[in-house]
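Descriptive analysis of the structure
Here is what each chain is made of, one letter per residue.
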Amino acid sequence: MTSFTPAQRAHTRRILWLMLVYLIILPPLVWLHAHRHIGPAFSLVMAIAAALPLLGVFASWGRYLSDERDEYHQSLTLRRIAIATNATMGTAIVWGFLQAFGAMPLVEAYWIPFVWVVIQGVFAGVSYLSRGGKE
Amino acid sequence: MQNRLRVLRAERSWSQQDLADKLEVSRQSVNAIETGKYDPSLPLAFRIAELFALPIEEIFVSPSHRSSKAI
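This section reports on the structure supplied with the text. (Residues numbered from 1 in each chain as written. Chains lettered and ligands numbered in written order. Predicted model: local features only at pLDDT ≥ 70, side-chain atom pairs only at ≥ 80, totals over all residues. Heavy atoms only, no water.)

**Details of the overall build of chain A**
Helix and strand content of chain A: four helices and zero strands. Tracing chain A from N to C terminus, the helices and strands come up as α-α-α-α. Computed over its C-alpha atoms, the radius of gyration of chain A comes to 18 Å, more than 25% above the 14 Å expected for a compact globule of 135 residues. With respect to the three principal axes, the spread of C-alpha positions in chain A is 55 × 40 × 25 Å. By sequence separation, contacts in chain A at least 24 residues apart represent 66% of the contacts at least 6 residues apart. Taken as a whole, chain A presents about 9200 Å² of accessible surface, with 75% of it coming from carbon and sulfur. (Helix = DSSP H or I, 4+ residues; strand = E, 2+ residues; numbered from the N terminus. Rg over C-alpha atoms; globule rule 2.2 N^0.38 Å. Contact = heavy atoms within 4.5 Å. Areas by Shrake-Rupley, 256 points an atom, 1.4 Å probe, with all protein chains shown as cover.)

Below is the structure:
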């Protein structure tokens with residue numbers, strides 16, 4: 001069975017809480033945006049409110065790297081972040097040019113961090129399976 | 001990097017978890033070091049050496065030393 005370091009447990013707890021806040025906050029904001037005429041000032045507040053929990057997720061990654069005392073897990077995380085960052089930036093660049101030349105539709109910028117998180121997850125899964133699901 | 005960690009641990013009848021607890025690292029770290037998938041930092045290598053009361057070079061095999069032997 002996989003055991004988690006204290007820093008990993010704290011990070012997971014933070015992420016779960018932040019995702020819960022995000023899931024609670026987002027539907028009313030989307031509803032307000034769709035059904036009410038919102039002024040620019042309140043739109044700004046709504047956008048910041050929607051973004052804050054997700055900004056917290058990235059802050060949590062930073063906190064995790066700072067808190068992690070197990071150098072092996074820290075190195076694995078750093079490697080995963082480096083791979084996800086390179087792959088995401090590469091995807092963003094290619095997509096940007098495809099979009100500029102009309103080959104791809106416009107995609108909201110907030111999908112970029114989503115892709116980053118997904119690639120990290122995929123890499124973590126591949127690493128786990130490549131170790132025979134033992135660690 | 002090759003090392004004698006598994007042998008030294010076995011000599012003392014310690015499990016990977018026992019060694020991990022003594023070194024204050026995760027069991028996964030001990031496993032990764034034993035299998036050569038991860039090279040510990042110098043501070044951790046020193047902690048390992050102090051725990052087994054051995055010089056570092058008697059636990060970890062220098063890659064250059066190994067290659068020169070192979071030549």
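Alright, that's what it looks like, and here's the rest.
**A word on the interface of chain A and chain B**
One frequent convention defines the size of an interface as the accessible area lost when the parts assemble. Taken together, the contacts link ten residues of chain A with eleven residues of chain B. At the boundary of chain A with chain B, the tally comes to five residue pairs in polar contact (both at pLDDT 80 or more). By residue class, the composition of the side of chain A that touches chain B is one nonpolar, five polar and four charged. (Polar contact = N/O pair within 3.5 Å; in protein donor to acceptor, adjacent residues only side chain to side chain. Nonpolar A, V, L, I, M, F, W, Y, C, P; charged D, E, K, R; others polar.)

**Details of the nonpolar core**
In terms of nonpolar packing, the biggest core is built from 20 residues, with Leu5(B), Leu19(B), Ile33(B), Ile48(B), Phe52(B) and Ile59(B) touching the most fellow members. Elements with a contribution of two residues or more to this core: α3 (71–100) of chain A together with α1 (5–11), α2 (16–23), α3 (27–34) and α4 (42–52) of chain B. Ranked by residue count, the leading element in this core is α4(B), at five residues. When sequence neighbours within four positions are dropped, the list of residues in contact with Phe52(B) reads Leu5(B), Leu8(B), Arg9(B), Arg12(B), Trp14(B), Leu19(B) and Ile59(B). (Core = buried A, V, L, I, M, F, W, Y, C linked by side-chain atoms within 4.5 Å. Buried < 20%, exposed > 50% of the residue type's maximum accessible area, 1.4 Å probe, protein only.)

**Structural notes on the pattern of salt bridges**
Residues and elements named next belong to chain B. Enumeration according to the criterion identifies four salt bridges over all chains in this entry. The partner of Glu34 in a salt bridge is Arg6, and the shortest N-O contact between them spans 3.7 Å. On the criterion of sequence distance, the pair formed by Glu34 in helix α3 and Arg6 in helix α1 is long-range, its members being 28 residues apart. Given a relative accessible area of 9%, Glu34 falls into the buried group. Among the residues examined, Arg6 registers a relative accessible area of 42% and is labelled partly exposed. In this structure, Arg9 engages Glu34 in a salt bridge whose closest nitrogen and oxygen atoms are separated by 2.4 Å. (Salt bridge = Lys/Arg side-chain N within 4 Å of Asp/Glu carboxyl O.)

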